Amino acid sequence: MRWPGPRARDRDDAEQRPYRWLVHCPDAAIPELTRLARTMDALREALLAHFDTDGFSNGPREAMNC
């Protein structure tokens, strides 16, 4: 399943998109949203690795290692 929204053009674009969203999360005063923002921020480099590896992923292989 693919994300329904427009894709990021490159790593710089991908770095800015979540940042614009993350800065508003603490203001929402919703604990779950604040926690999600912290988690996404902590995983930022792992998420952006998609652009560093030309989209290659070992995810399908990891799924087989159940």
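Structure shown above.
Residues numbered from 1 in each chain as written. Predicted model: local features only at pLDDT ≥ 70, side-chain atom pairs only at ≥ 80, totals over all residues. Heavy atoms only, no water.

A. Fine view of the pattern of salt bridges. Evaluation of the coordinates by the stated rule reveals three salt bridges. Its salt-bridge partner being Asp13, residue Arg9 comes within 3.8 Å of it at the nearest N-O pair. Given the relative accessible area of 10%, Asp13 is considered buried. Note that Asp41 and Arg44 form a salt bridge whose closest N and O atoms lie 2.3 Å from each other. (Salt bridge = Lys/Arg side-chain N within 4 Å of Asp/Glu carboxyl O. Buried < 20%, exposed > 50% of the residue type's maximum accessible area, 1.4 Å probe, protein only.)

B. Inspection of helix α1 (residues 11–22) at higher detail. Look at α1: 17 Å from first C-alpha to last across 12 residues, which is about the 16 Å you get at 1.5 Å a residue. Those residues of α1 lying buried are Asp13, Ala14 and Leu22. Viewed along the axis of α1, the buried residues span an arc of 170 degrees, placing them on a single side of the element. For α1, the N-terminal capping position is held by Asp10, with its side-chain oxygen 3.2 Å away from the main-chain nitrogen of Asp12. (Helix = DSSP H or I, 4+ residues; strand = E, 2+ residues; numbered from the N terminus. Expected span 1.5 Å × (residues − 1). Arc of directions from axis to C-beta. Polar contact = N/O pair within 3.5 Å; in protein donor to acceptor, adjacent residues only side chain to side chain.)

C. View of unusual backbone geometry. A positive phi angle, near 60 degrees, is found at Ala29, a position not held by glycine. Tracing the sequence through the fold places Ala29 in the loop between α1 and α2 (31–42). What makes Ala29 exposed here is its relative accessible area of 65%.

D. Inspection of the environment of Ala8 at higher detail. The residue Ala8 is located in the segment before α1 in this model. For Ala8, the residues in contact, after removing those within four places along its chain, are Asp13, Ala14, Arg17 and Phe51. (Contact = heavy atoms within 4.5 Å.)

E. Representation of the side chain of Asp13 in the model. Within the secondary structure, Asp13 sits in helix α1. What Asp13 contacts, discounting residues up to four positions off in sequence, is Arg7 and Ala8.

F. How the structure looks around the packing of α1 against helix α3 (residues 44–52). Viewed as axis vectors pointing N to C, α1 and α3 meet at an angle of 155 degrees, and their least axial separation amounts to 9 Å. By the angle between their directions, the pair α1 and α3 is classed as roughly antiparallel. Every pair of crossing elements has a handedness; the one defined by α1 and α3 is right-handed. Taken together, the residues of α3 that come into contact with α1 (itself represented by Arg11, Ala14, Glu15, Tyr19 and Leu22) are Arg44, Glu45, Leu48, Ala49, Phe51 and Asp52. For the contact of α1 with α3, the residue count by class is six nonpolar, no polar and five charged. (Axes fitted to C-alpha atoms, helices over the stretch in contact; angles between N-to-C directions. Parallel < 35°, antiparallel > 145°, perpendicular 65-115°, else oblique. Left-handed = near helix turned anticlockwise from the far one by under 90°. Nonpolar A, V, L, I, M, F, W, Y, C, P; charged D, E, K, R; others polar.)

By themselves, these are just geometric observations and shouldn't be taken as functional.
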